[in-house]
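Here is how the chains run, residue by residue.
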Amino acid sequence: MLKTFKGGLHVNDNKNTRNCPIENFPSPAKVAIPMQQHIGAPAQPLVAKGDYVKKGQLIGNFETGLSCPIHASISGTVADIEMRNSYTGYGKTAHIVIENDYTDTPDDNIKTFDGDIFTATSEEIVELVRRAGICGQGGAAFPTYAKIQSAIGKASEIIINCAECEPYITENHRLMLEEPEKIIGGARILMHATYTEHMTIAIENNKMDAVEVMTKNTAEYENISVQVLKTKYPQGDERQLMYVIKGVELPAGKLPADVGCVIFNAETCVSVYNAIYEGMPLISTVLTVDGDAVNTPKNLRAPVGTRISDILDYCGGSTDNLSKIVSGGPMMGQAQWDMNAVVMKNTSAFLFLSDKTQSNDEGDCIHCGRCVGVCPMHLMPNYLAAFSKKDDKVLAEEFGILSCVECGSCTYICPGNVPIVQYIRTTKGAILAEKRKAAQKAKESEAKS
Amino acid sequence: MNSNTENKFLTMTASPHIKSPIKTRNIMADVVIALMPALVWAIYVFGFRALTITAISVVSCVAFEYLYRKLMKKSNTISDLSAVVTGILLAYSLPVSTPLWIPIIGSFFAIVIVKQLYGGIGKNIINPALAARVFLFVAYPTELTAFTEPGKYLSPFAVNVSKAASDITAGATPLVDLKNGIIPDADITSTLIGNIPGTIGEVSATILILTGIYLMIRKVITWHIPVTYIATVALITLVLPLGNAGGVSFMLLQLFSGGLMLGAFFMATDYVTSPATSVGRIIYGVGCGLITVFIRYFGGYPEGVSFAILIMNLFVWYLDKATKPKAFGGAKK
Ligand code: SF4
Ligand code: SF4
């Protein structure tokens, strides 16, 4: 019996691109690089319109807070610095538009790490990772250097998340098959930097070929094990991952480090490897292009800032019934409103979906309990939606609305077509806003007295 | 082929972007399918009048649902098939000698009063078919307590058969004897098969169990309610039999005659009026069992299934609330 967690979904995994090798996307004519692609403060542009920038050059930074430096993904001239609406909910964000000169001139600062990285101190590695602009490339895009810092002295186990439980996406799968040494190399650097004693590489059992490759490539390390997980959504969620691997339920409001774990995404490890051994900051990402409305599904490595329209052209265009573009997986990804959206550091997929896959007329809850059965957080989504509808925040909180991780399992399974997560999101947002306000007030009155 | 379409209109909806293909309609269709074998059996035992009554009941349920929603300018919901299920279940809980206008009144009560006045599917508190059955039972006691012997076919189209029926009806189901503490003549085999007097859909225990299992395999219902409900009735009737009857045969007759199987598999499992948690469903099933036996032993009626389920319907919200699972990682209480 494979280990798993309680709840969750068996969905058609649609891993159509599992056999599509990662292709290098040809350098696009133009990129638009957002100054915020990570959790924390946005970076401030360091270049101006008309400047010449080299590939890998630092073009945005914010030294003093939690943030992530941003680098040019191609060489060329800065055509504009535009304020645009962010496609991932960060609000208005500056985008540096670079016109390609197709020379790929590398920045002078790009150099590999001198000497043995395993004799470097944690502080040195944290600084190298920070300067390379690395953030989590699986989901939330949390700055990786800060994650390392938070784990030092607390975590004893490092988990490399290769679960890739979202349907369609195969980029981690391909990376495991094609660049296992980079994932493992990067992961070992992170292990060294976080002083963790043991590493688990977690892979779902729909990628047994990858399990084989990773097992072979880690055979020489006694403190690294490969853990096969049952294919079930959302197995890649950090809480479920830790539950399956370590048997601990992460208490609400706590960080993985508080229960002795630190978790990195597979591609993040590759970026760390590239930063150390090739000196290249995070300027490109691997993504899966799929969906029933794209002509040629592919796996690509594309420069950060590449527009969706360029990606789509490269993948043979869309079919006529294209109705939705999603950045990320179909369960948690975000719908994009036009083709100007760009590849970001944590982009894992662009999905082009037809109207066939849609059905959004809101229906009625028939109280079937299916959502209760699939909720990985063991909530009662039906009631959370009902309370949200009535704007009853008190009952919603009593029923644990703040524990919802917005995985979408409940909405997926609901036969009544109730947009449960949407209701939950709205009410959760309202409750959190109230709490922030209350905290603010308390602070102010404290300051006064 | 479309490419580089800058201004193409794109759908902006929140995640998830894929949904399970199983909708309310598919689930209800499965329930309808599962209810069909019992109808075939009813036609065999009671003749085509069983079909007439079922058809009238289904058509009027659907019609009332359609008309009400139309008059109230609400969305048309008949395609979810829930009114069809209600219609079948209502007919199944009537005796075959029922006058043909009675299911129409029952349908009105079920659909308009119990279901739609509360807001339609998912909003009603008690099960519409059961509530209508109890209403009819109270309003037309004579018509609804005459039971025909198996094999005595009544006219499928005669509006009233009470006159003719008086010559040919047995008048009592095995439950009436059981209530008086005697083991009825009906032997266990014909009870199991369903060759006994009773309402249209309740008689064949075997068919109802098999189709109930079908619903479990199809994941339309879970085992919790039927198993705990039936087990509770079995346990009490075995350990605490009524009168001198006693024994296994008393228990078996309690299980297989009357509406227990129909109630346990098809009525108590109605989503809307049963709990959404597994633990809640277990408590609910046990509660149904206890009340059923209590009414059968001490109540004014020989049958207790309808009342038992209706009473437990009222506790669904409290059961859900009390059995709310502990949130993952949540100790804060
Ligand atoms: S979105 Fe929230 S409520 Fe729904 S299944 Fe996921 S965690 Fe549970
Ligand atoms: S899955 Fe949908 S219909 Fe079923 S209980 Fe949950 S919200 Fe209601």
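Residues numbered from 1 in each chain as written. Chains lettered and ligands numbered in written order. Predicted model: local features only at pLDDT ≥ 70, side-chain atom pairs only at ≥ 80, totals over all residues. Heavy atoms only, no water.

This paragraph deals with the overall build of chain B. Each helix and strand counted, chain B has 16 helices and zero strands in total. Relative to the 2.2 N^0.38 estimate, which gives 20 Å for 333 residues, the radius of gyration of chain B is 22 Å and therefore close to what a compact globule would have. Counting all 333 residues of chain B, 56% fall into the buried class. Long-range contacts, defined as pairs at least 24 residues apart, comprise 77% of the intrachain contacts of chain B with a sequence gap of at least 6. Surface accessibility of chain B: about 13,800 Å² in total, with carbon and sulfur atoms responsible for 70%. (Helix = DSSP H or I, 4+ residues; strand = E, 2+ residues; numbered from the N terminus. Rg over C-alpha atoms; globule rule 2.2 N^0.38 Å. Buried < 20%, exposed > 50% of the residue type's maximum accessible area, 1.4 Å probe, protein only. Contact = heavy atoms within 4.5 Å. Areas by Shrake-Rupley, 256 points an atom, 1.4 Å probe, with all protein chains shown as cover.)

Now for the site of ligand 1. Contacts to ligand 1 come from Cys375(A), Pro376(A), Met377(A), Pro381(A), Cys404(A), Val405(A), Glu406(A), Cys407(A), Gly408(A), Ser409(A), Cys410(A) and Ile424(A). For the shell around ligand 1, the per-class residue count stands at nine nonpolar, two polar and one charged. (Near = heavy atom within 4 Å. Nonpolar A, V, L, I, M, F, W, Y, C, P; charged D, E, K, R; others polar.)

With that settled, the discussion passes to the packing of helix H3 (residues 171-178) of chain A against helix H4 (residues 180-194) of chain A. All names here are of chain A. For the pair H3 and H4, the least separation of the axes is 5 Å and the interaxial angle reads 95 degrees. The angle between the axes of H3 and H4 places the two elements in the roughly perpendicular class. Residue-level inspection shows Leu175, Met176, Leu177 and Glu178 of H3 in contact with H4, the latter providing Pro180, Glu181 and Ile183. Along the lines of polarity and charge, the residues of the contact of H3 with H4 split into five nonpolar, no polar and two charged. (Axes fitted to C-alpha atoms, helices over the stretch in contact; angles between N-to-C directions. Parallel < 35°, antiparallel > 145°, perpendicular 65-115°, else oblique.)

Our focus in this paragraph is the site of ligand 2. Taken together, Cys365(A), Ile366(A), His367(A), Cys368(A), Gly369(A), Cys371(A), Asn382(A), Cys414(A), Pro415(A) and Ile420(A) make up the full set of residues near ligand 2. Residues of the shell around ligand 2, tallied by class, amount to seven nonpolar, three polar and no charged.

This brings us to the environment of Ile230(B). All names here are of chain B. Following the sequence through the fold, isoleucine 230 ends up in helix H11 (residues 224-239). The spacing of isoleucine 230 and valine 114 is 116 residues in sequence and 27 Å in space, taken between C-alpha atoms. Among residues more than four places away in sequence, those in contact with isoleucine 230 are Leu255, Leu260, Met261, Ala264 and Phe265.

Our next topic: helix H10 (residues 205-217) of chain B. Residues and elements named next belong to chain B. Here H10 is 13 residues long and its end C-alpha atoms lie 18 Å apart, about the 18 Å a rise of 1.5 Å per residue gives. Among all positions of H10, only Ala205, Ile207, Leu208, Thr211, Gly212 and Leu215 are buried. Buried residues along H10 cover an arc of 160 degrees about the axis, so they all sit on one side. The outward face of H10, more than 90 degrees from its buried face, is lined by the exposed residues Leu210 and Ile217. The secondary structure elements touched by the buried residues of H10 are helix H1 (24-46), helix H9 (188-193), helix H12 (247-256) and helix H13 (260-267). Just downstream of H10, lysine 219 is the residue with a positive phi angle, here 60 degrees. (Expected span 1.5 Å × (residues − 1). Arc of directions from axis to C-beta.)

Geometry of an aromatic ring pair is reported as the spacing of the ring centres plus the angle between the planes. Evaluation of the coordinates by the stated rule reveals 16 aromatic pairs over all chains. On the numbers, 6.0 Å between centres and 15 degrees between planes, the contact of Phe399(A) with Trp317(B) is stacked. Of this pair, Phe399(A) sits in the loop between helix H11 (393-398) and helix H12 (409-413) while Trp317(B) sits in helix H16 (residues 316-322), which puts the two residues in different chains. Here Trp317(B) falls in the partly exposed class, since its relative accessible area comes to 29%. (Phe/Tyr/Trp six-rings, centres within 6.5 Å; stacked < 30°, edge-to-face > 60°.)

Moving on to the sheet that holds strand S10 (residues 198-204) of chain A. Residues and elements named next belong to chain A. On the basis of which strands lie adjacent, the open sheet formed by four strands has the order S11-S10-S9-S12 and parallel pairing. In the strand order of this sheet, the two ends are held by strand S11 (224-229) and strand S12 (261-265), each with one partner. Across the sheet, the axes of successive neighbouring strands diverge by a mean angle of 25 degrees, strand direction being ignored. Sheet topology note: the S10/S11 ladder contains six bridges and is parallel. Considered in S11, the bridge of isoleucine 201 is made with valine 226. Relative to S12, helix H7 (residues 266-277) is tilted by about 80 degrees, and along the sheet it contacts strand S9 (157-162) and S12. (Pairing = 2+ DSSP bridges.)

Together, Phe108(B), Ile113(B), Leu117(B), Tyr118(B), Ile125(B), Ile311(B), Leu314(B), Phe315(B) and Tyr318(B) make up a nonpolar patch on the protein surface, roughly 890 Å² of accessible area in all. Of note, Leu314(B) is situated in the loop between helix H15 (305-313) and H16. (Patch = residues over 30% accessible without salt bridge, like charges linked within 9 Å, V, L, I, M, F, W, Y side chains within 5 Å. Salt bridge = Lys/Arg side-chain N within 4 Å of Asp/Glu carboxyl O.)

What follows deals with the interface of chain A and chain B. At the interface, 68 residues of chain A touch 47 residues of chain B. Counting each side, the surface lost to burial between chain A and chain B is near 4,900 Å², with a carbon and sulfur contribution of 55%. Summed over the shared surface of chain A and chain B, the number is three salt bridges. Across the pair Glu398(A) and Lys321(B) runs a salt bridge whose closest N-O atoms are separated by 3.7 Å. Here the side of chain A that touches chain B is composed, by residue class, of 31 nonpolar, 26 polar and 11 charged. (Buried area = accessible area lost by both parts, 1.4 Å probe.)

This part takes up the sheet that holds strand S5 (residues 58-61) of chain A. Residue and element names in this part refer to chain A. With antiparallel pairing, the three strands of this open sheet are ordered in space as S3-S5-S6. With one partner strand each, in any of the chains shown, strand S3 (44-45) and strand S6 (70-71) form the two edges of the open sheet. Pairing of S5 with S6 involves two bridges; the strand directions are antiparallel. By the bridge assignment, leucine 58 is partnered in S6 with histidine 71.

Here the focus is the pattern of salt bridges. Residues and elements named next belong to chain A. In the structure shown here, the tally under the stated rule is 25 salt bridges over all chains. Between aspartate 108 and lysine 54 there is a salt bridge; the shortest N-O distance is 3.2 Å. Residue aspartate 108 is located in the loop between strand S8 (92-100) and helix H1 (122-131), and its partner lysine 54 is located in the loop between strand S4 (52-53) and S5; the two are separated by 54 residues in the primary sequence. Exposure remark for aspartate 108: the relative accessible area of 60% places this residue in the exposed category. Lysine 393 is the salt-bridge partner of glutamate 434, the closest N and O atoms lying 3.4 Å from each other. Residue glutamate 434 is found in helix H13 (residues 420-448), and its partner lysine 393 is found in helix H11; the two are separated by 41 residues along the sequence. Via salt bridges that share partners, Glu63, Glu127, Arg130 and Arg131 belong to a single interconnected network.

As a further point, take the packing of H3(A) against H7(A). All names here are of chain A. Contact pair H3 / H7: the axes reach a minimum separation of 9 Å and the direction vectors enclose 50 degrees. Between H3 and H7, the angle falls in the class oblique. Residue-level contacts link Glu171, Asn172 and Leu175 of H3 to Ala266, Glu267 and Val270 of H7. Taken together, the residues of the contact of H3 with H7 sort by class into three nonpolar, one polar and two charged.

Residues and elements named next belong to chain A. When the domains of chain A are assigned, the result is domain 1 (22-110 + 281-356), domain 2 (117-277) and domain 3 (370-448). Taken together, the 37 residues of domain 1 in the interface contact 29 residues of domain 2. Contact between domain 1 and domain 2 buries roughly 2,500 Å² in total, counting both sides, with carbon and sulfur atoms accounting for 56%. Among the residues domain 1 hides against domain 2, the three largest losses belong to Ile22, Leu282 and Asn346. Together they make up 20% of the total. Summed over the shared surface of domain 1 and domain 2, the result is two salt bridges. Residue arginine 301 is joined to glutamate 179 by a salt bridge in which the shortest nitrogen-to-oxygen separation is 3.1 Å. In this structure, the connection of domain 1 to domain 2 is made through 18 residue pairs in polar contact (both at pLDDT 80 or more). The biggest single contributor to the side of domain 1 that touches domain 2 is strand S13 (residues 284-290), with six residues. For the side of domain 1 that touches domain 2, the residue count by class is 16 nonpolar, 17 polar and four charged. (Domains from an automatic or database assignment. Polar contact = N/O pair within 3.5 Å; in protein donor to acceptor, adjacent residues only side chain to side chain.)

One finds Tyr229(B), Leu255(B), Phe266(B), Tyr284(B) and Ile309(B) to be the most contacted residues of the largest nonpolar core, which totals 89 residues. With near-sequence residues (within four places) excluded, Tyr229(B) lies in contact with Leu260(B), Gly263(B), Ala264(B), Ala268(B), Gly285(B), Cys288(B), Gly289(B), Thr292(B), Val305(B), Ala308(B) and Ile309(B). If you look at the next biggest cluster of nonpolar residues, it comprises 44 residues, including Ile160(A), Ile184(A), Ala187(A) and Leu282(A). (Core = buried A, V, L, I, M, F, W, Y, C linked by side-chain atoms within 4.5 Å.)

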